[in-house]
Structure formats: C-alpha cells, structure tokens
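Summary of the model geometry
Here is what each chain is made of, one letter per residue.
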Amino acid sequence: MHKRLFIPGPVDVLSECLEKMATPMIGHRTKDASALQKSISEKLQKLMYTNNTILLSTSSGSGLMEGAIRSCTKKRAAVFSVGSFGDRWYEMALSNDIPADKFESPEGEKTSPEMVREALKTGKYDVVTVTHNETSSGIVNPCAEIGEVIAEFPGVLYLVDAVSSLGGDKIEVDKWGIDVCITSTQKCLGLPPGLSLCSVSNKAIEAARGKENRGFYLDLVRLYDQVKKNDQYPSTPSLSHMFALDYQLERIVEEEGIENRFARHKKMADKVRAWAEKHFSLFAADDCRSNTVTCINNTQGKDVSDLNKKLGERGFSISNGYGKFKDITFRIATMADTLEDTLDELLDAIDEIWELEA
Ligand SMILES: *Cc1c(COP(=O)(O)O)cnc(C)c1O
C-alpha cells in the first residue's frame, strides 16, 4: 500500500508530475532543451522573487550547497547552525579545505541578526551561510533581518539553504539580499529527488571568478557561463526532472498561485502546531516555527516507531527526530501538495492509536 508521506522529504508526488517524468527524451544540446531551461528559470524567478540567474544541478540539494560554499569562499565562511543541516554546511567546508567557523544558537532558538553582526564585525569572513528552514529542528530563521545586517558589510556573500522551504514559504531573494538561494526538488516543490536548484547573484559569480579550485561538476561559474551562453548545462542534466519541474512550476505559479500555496502550507502547520501543543510541546521557540515541518517534543515518552508501524497499516508515514534529537522529538511535515483533509485524517489516526483526547 502507498503510504501518504508526512516526512520532510521525499514527499508525495502528484501522478501527473510522475507522468511528466516519462516524457520522451530530447537531446540536451537542442533548441528544445534551451527552451525548457528558460521556461523553468522564468517561473522559478517568480517563485523566488528574484531577477538573479537560475542554475540547476543533477544532484540532491546538498550538491549545490557544496558547490556554493566551495565556489564562493575565498577568505573564510561564517556558518550559522540551528541543527543538522546547518552542521552539514560546516562539514562541507572542512572537507573541501575551506576555512570556516560554526556559530550555533541555543537549542530550539533561531540564528539571530545580532549573532551575524557580531561575527561580521571581526572582518574575518567573506561568506555567511544560513539555513532558512532547519528540517531537523523545525526552526525557520529570520532571513530578511539577517540580510539587512549582511548588507552593512559590502564584501560579504549571503548563502541560504532553502531546501525544505522554497515553494512552501515566502522567500524574497532580491529584497532580502540573498546571493545564492538553494533548494531541491523533493521537498516543497513536490517532485522526486534528483535536482538541486539555486539562484545566483552577479556579485556571487564575480567573487567566485577570483577563487581558485572551485571544483568541476558543482562549480557555480561553469554552470553559470554555460547557461548564459545558450541556456544549457555543461553536463547532461536530468531532463526527466526538468520536464516534471517545468510542469509543476506552471501549476504552482499559474494554477494554485504562489500566495495561495504559501497560505495552504501555513494553515496546515498551524493545525499541526495546535494539535502538538494540546498533547505535547513544540521544539522551536515561538518566534521561529517552520511552516513546512513541525518538530514536536515527545513529552509523553510515546513509542514513535510503533506508531509509525500502525500508521503504515492505515497508509500514513511520519518521521522520528533527526540527529541528536532522534529519540526525544518526532516530526510531521506538511509540504508540497499535501491537503488539509489528508492531514486531518492523519491527526485523527494518531489520536486513535495513541488514545489521545480528540
Ligand atoms: C533535505 C535538506 C537538505 C539536502 O538534502 P538532500 O538530501 O541533499 O536533498 C539540505 N538542507 C535542508 C534544510 C534539508 O531539509
């Protein structure tokens, strides 16, 4: 039986999107391939509120995260972390021989604009990385306010991991001053895993040109130059994903409407939060709660893996905690094309299995 996924990626994919993956192949050096890339870029620019160039990479979200920090950091990266995906960026820096320092917030709290200002005042950094939506802890960071701080330091690039929020929550790339904004297909965009996407500013590309050893496959400059030349990619991209992405972006931008999509995500997250606060408590402080994934403190010491087994029999799946929060939290994601009615069914099923008061 197919389980409806309330895990933070991969998410359920609409059958018509899956069908688009089966579109007959075209050559990746054809006019049709260029048109496909252009069509995707124009719609992604709307979804990201940006005029910056859009790049795709056939890799999961981590691909362009690694490409971005490696391509852009000449001096030293200030990595701000509120959980496992923030930590990942730090590990990427170290394993690419990129000087970096990690700044962690107290448990359950956001990256504050003040922390960023304090770090940048040292003059040690040319890159800041922030996780917009930390999937392990259900924390959303104040990326607009952080962007204002970074703008006070002209040479500094602002890299944002929006893998688990882009397409589900509003991210105004240009207004917030984000130089590289990264996402991937298998979260709020509602497609199978396999493509990483980002917007990139001219400032980031110009800085990267002066950096040696940017790598090859994930070098942002190489990707950028080929896109600028003929709307194609240096290597063969997953055209199947691109067909599905083009279709799905059309649905998001033209059919559902971007604002409606964000509102639907928020409404579902509000519902999960209300349910969680009635029976448990929320991991994230009340000024930084994600609208795409809710991390719940398992204050009743319930058996989450047993719950998931029983939910599985009813055709649902939720997630346990991540990393060091594995056993003390559990997570319910409400991403992509999940509908409120299905969420209601899930919460009713959990109430029944755990015998919670409805
Ligand atoms: C899922 C995710 C990633 C990247 O994961 P991939 O498996 O490489 O796509 C990065 N950051 C966040 C916040 C995520 O949720």
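Residues numbered from 1 in each chain as written. Predicted model: local features only at pLDDT ≥ 70, side-chain atom pairs only at ≥ 80, totals over all residues. Heavy atoms only, no water.

1. A word on helix α12 (residues 304-313)
Burial in α12 covers these residues: V304, L307, L311 and G312. Looking straight down α12, one finds that the buried residues subtend no more than 140° of arc, so they occupy a single side. α12 presents S305, K309 and E313 as exposed residues on the side facing more than 90 degrees away from its buried surface. Among the structural elements, β13 (316-317), β14 (319-320), β15 (329-333) and α13 (340-353) are those in contact with the buried residues of α12. Downstream of α12 by one or two residues, G315 has phi in the positive range, about 85°. (Buried < 20%, exposed > 50% of the residue type's maximum accessible area, 1.4 Å probe, protein only. Helix = DSSP H or I, 4+ residues; strand = E, 2+ residues; numbered from the N terminus. Arc of directions from axis to C-beta. Contact = heavy atoms within 4.5 Å.)

2. Thoughts on the site of the ligand
Surveying the vicinity of the ligand reveals 14 residues, the closest of which are S60, S62, T135, D161 and K187. S60 is positioned with one of its side-chain polar atoms (N or O) 2.5 Å from an oxygen atom of the ligand. At 2.7 Å from an oxygen atom of the ligand is found a side-chain nitrogen or oxygen belonging to K187. Protein contact buries 89% of the 370 Å² of open area that the ligand shows by itself. Taken atom by atom, the bulk of the ligand overlaps the largest pocket. Of all the secondary-structure elements, those providing two or more residues to the shell around the ligand are α3 (61-72) and α4 (84-95). (Near = heavy atom within 4 Å. Polar contact = N/O pair within 3.5 Å; in protein donor to acceptor, adjacent residues only side chain to side chain. Areas by Shrake-Rupley, 256 points an atom, 1.4 Å probe, with all protein chains shown as cover. 1 Å grid on protein atoms, 1.4 Å probe; cavity = no way out; pocket = protein on both sides within 12 Å on 5 of 7 lines; lining within 4 Å. Sits in = over half its atoms within 2 Å of the grid points.)

3. Some words on the layout of surface pockets
Of the pockets and cavities examined, the largest pocket occupies roughly 260 Å³. The wall of the largest pocket is formed by 20 residues, among which P8, F85, Q186, K187 and Y322 lie closest to the centre. Going through the elements one at a time, α3 and α4 are the ones with two or more residues in the lining of the largest pocket. If one sorts the elements of the lining of the largest pocket by residue count, α3 sits on top with three residues. Among the residues forming the lining of the largest pocket, the class breakdown is six nonpolar, ten polar and four charged. For the lining of the largest pocket, the two domains that each supply at least three residues are domain 1 (4-10 + 257-354) and domain 2 (15-254). (Points joined across faces, edges and corners; volume = space filled by probe spheres on them. Nonpolar A, V, L, I, M, F, W, Y, C, P; charged D, E, K, R; others polar. Domains from an automatic or database assignment.)

4. Some details on the packing of aromatic side chains
Enumeration according to the criterion identifies nine aromatic pairs in this entry. On the basis of an interplanar angle of 50° and a centroid distance of 6.2 Å, the ring pair of F6 and F316 is categorised as tilted. Residue F6 is located in the loop between β1 (4-5) and α1 (15-21), and its partner F316 is located in strand β13; the two are separated by 310 residues in the primary sequence. Comparing F6 with F316, the two get one shared label, buried. Ring centres of W275 and F280 lie 5.8 Å apart, and the angle between their planes is 45°; on these two criteria the pair is classed as tilted. Here W275 and F280 have matching classes, each one buried. One aromatic cluster is present, built from ring pairs that chain together W275, F280, F330 and W354. K187 extends its terminal NZ or CZ atom over the ring of F85, reaching a point 5.5 Å from the ring centre. (Phe/Tyr/Trp six-rings, centres within 6.5 Å; stacked < 30°, edge-to-face > 60°. Lys NZ or Arg CZ within 6 Å of the ring centre and 35° of its normal.)

5. Regarding the sheet that holds β14
Taken in spatial order, the four strands of this open sheet run β11-β12-β15-β14, and their pairing is antiparallel. The outermost strands of the open sheet, each flanked by one partner alone, are β11 (281-282) and β14. (Pairing = 2+ DSSP bridges.)

6. Digging into the nonpolar core
Where a protein is soluble and globular, its nonpolar side chains tend to be buried together. Core analysis: the biggest nonpolar cluster contains 74 residues, and L56 and V180 have the highest contact counts within it. Considering every element that reaches this core, the biggest residue donor is helix α10 (residues 239-256), with eight residues. When sequence neighbours within four positions are dropped, the list of residues in contact with L56 reads Q37, I40, L44, L195, S196, L197, L223, Y233, M242 and L245. In terms of nonpolar packing, the next biggest core, distinct from the first, is built from 23 residues, V304, F330, A349 and I350 among them. (Core = buried A, V, L, I, M, F, W, Y, C linked by side-chain atoms within 4.5 Å.)

7. A few points about empty space enclosed by the protein
Under the criterion given, the structure shown has three cavities of 30 Å³ or more. Size it by volume and the largest cavity reaches roughly 110 Å³. Around the largest cavity, the lining residues are L56, S57, T58, L195, Y217, R222, L223, Y233, P234, S235, T236 and P237. Those elements giving two or more residues to the lining of the largest cavity turn out to be β2 (53-57) and α9 (220-230). Class assignment of the residues belonging to the lining of the largest cavity gives a composition of seven nonpolar, four polar and one charged. In this structure, the second largest cavity is lined by H28, A33, L36, Q37, D231, Q232, Y233, P237, L239 and M242. Of all the elements in the fold, those that place two or more residues in the lining of the second largest cavity are α2 (31-48) and α10. For the lining of the second largest cavity, the leading source of residues is α2, giving three residues. Taken together, the residues of the lining of the second largest cavity break down into six nonpolar, three polar and one charged.

8. Observations regarding the domain arrangement of the protein chain
Considered domain by domain, the protein chain is made up of domain 1 (4-10 + 257-354) and domain 2 (15-254). Opposite the 28 residues of domain 1 that make contact, domain 2 presents 33 residues. On the domain 1 side of the contact with domain 2, I258, F262 and Y322 bury the most area, a combined 22% of that side's loss. Taken together, domain 1 and domain 2 are joined by three salt bridges. Where E259 meets K170, a salt bridge forms, and the shortest distance between an N and an O atom there is 2.9 Å. No other element matches the five residues that helix α11 (residues 258-279) contributes to the side of domain 1 that touches domain 2. Class assignment for the residues of the side of domain 1 that touches domain 2 results in 14 nonpolar, seven polar and seven charged. (Buried area = accessible area lost by both parts, 1.4 Å probe. Salt bridge = Lys/Arg side-chain N within 4 Å of Asp/Glu carboxyl O.)

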